[in-house]
Amino acid sequence: MTEKEMLRLMGYNLNGGRFLPTVGDTPKIAMDAALQTVANVMVPQLFATWYSPEVVEILQSPTNSTEIFGEEKRGDWKDTVTMFPVSERVGKTTAYTDFGRGPTSDANIEFVQRDTYKFMTFIQCGDLEQELTAGAKINLLSEKQGAAAQTIALDSNSFNLFGVAGYNIVGLLNDPALPAAIDPASVSDGASSTTMAWADKTAVQIYNDVLALFNQISKLAGGYVKYNTPMILAVPPSVQGELAKVTDLGVAPNMEALTKYFPGLKLVVLPQLEDEDGVASAMLIVPEIAGKKTGTFGFLEKLRTSRVVLEHTSMSQKWSSSTTGALIFRPFAVATMTGIQKTDGD
């Protein structure tokens, strides 16, 4: 018995009407003929998507080595070596006499050499890929130029800190002329073991470690460095928060206590002071002594862009730079303390 017959027995007369299509009867929508398209009432998701033209850049490590030392042009693009003289004045005296010559005073001159290193990167951009990305409101050529500039900046920062392998170029963190790194003081962590990590130390104990760095420089400087001399304290990001610890009796944050005693102290956060094993170091640096710079980062040309080469449907360009690494004139003005943070294995 059909649905119509059942309804007629119940007293309902449809007078020639018919039921609407139900599940399984979709083809009836097309005038009782089979559909030629996929049955749906949807539109492409593209038309329900909001597109932001703002490009989100992936962050790289900060290139802040120049917050410690400035940069300086140390030659021309053609130069392969940079050199600076070091003069040490020596002499002795003796009791005066009219006819005696006595000991002499002299100056010992040493010439320190460093190699120069030129490096480059390359960009190329096609007409079609520019048009495609322009449809997404992205300036592809500008993005590639920005990538070239950032790549050079990142490598320059690395060369400033670590030098260049295979060349007579050293960095601030690996110059062999620097004094040997000292260890932080060992203190009891409240149990049977001791620790050197700032994370387990009080603000006063961390303060004393910074004093140890200052005392090393002060001793080697022989009176040229005083408590009010401008100084830079460099630490990695993982240790920065330890300087915010409150001193005993809740007097003040540790960094505030340090700058109260060392009014010329400046904090620089340097990610490269923590190695791949999680071992962190701190550095205290006096950037200038007796009117002379402690060091500088050298270059021949900071940025050199070559000719733009136009081809049939593309363009290309070479971007170059150069470095002499870190030139440390007064190594005794740099003190390093290693092991102030636990390693990943601890």
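What you see is a predicted model; the values in this text were computed from it and never measured. (Residues numbered from 1 in each chain as written. Predicted model: local features only at pLDDT ≥ 70, side-chain atom pairs only at ≥ 80, totals over all residues. Heavy atoms only, no water.)

**Considering the packing of helix α4 (residues 203-221) against helix α6 (residues 254-261)**
Inference 1: Close contact between α4 and α6 brings their axes to 10 Å; oriented N to C, the two are set at 40°. Viewed along their axes, α4 and α6 adopt a mutual orientation that is oblique. The hand of the α4/α6 crossing is right-handed. Counted together, A203, I206, Y207 and V210 of α4 and N254, A257, L258 and Y261 of α6 form the full contact between these two elements.
Inference 2: Grouping the constituent residues of the contact of α4 with α6 by class yields 7 nonpolar, 1 polar and no charged. (Axes fitted to C-alpha atoms, helices over the stretch in contact; angles between N-to-C directions. Helix = DSSP H or I, 4+ residues; strand = E, 2+ residues; numbered from the N terminus. Parallel < 35°, antiparallel > 145°, perpendicular 65-115°, else oblique. Left-handed = near helix turned anticlockwise from the far one by under 90°. Contact = heavy atoms within 4.5 Å. Nonpolar A, V, L, I, M, F, W, Y, C, P; charged D, E, K, R; others polar.)

**A few points about the pattern of salt bridges**
Inference 1: Taken as a whole, this structure holds 8 salt bridges when the rule is applied.
Inference 2: Between E71 and K302 there is a salt bridge; the shortest N-O distance is 2.4 Å. Placement of E71 in strand β1 (residues 71-73) and of K302 in the loop between β12 (295-299) and β13 (304-305) is noted, with a sequence separation of 231 residues between them.
Inference 3: When its relative accessible area of 35% is taken as the criterion, K302 is described as partly exposed.
Inference 4: The partner of R304 in a salt bridge is E301, and the shortest N-O contact between them spans 3.0 Å.
Inference 5: A cluster of three or more residues bridged by salt bridges with shared partners is formed by E72, R74 and K293. (Salt bridge = Lys/Arg side-chain N within 4 Å of Asp/Glu carboxyl O. Buried < 20%, exposed > 50% of the residue type's maximum accessible area, 1.4 Å probe, protein only.)

**Observations concerning the packing of helix α2 (residues 127-134) against helix α3 (residues 140-162)**
Inference 1: Interaxial distance between α2 and α3 falls to 8 Å at its minimum, and their mutual angle equals 105°. Comparing their axes, α3 and α2 come out roughly perpendicular. Contacts between α2 and α3 involve E129, Q130 and T133 on the former and, on the latter, L140, L141 and K144.
Inference 2: In the contact of α2 with α3, the residues fall into 2 nonpolar, 2 polar and 2 charged.

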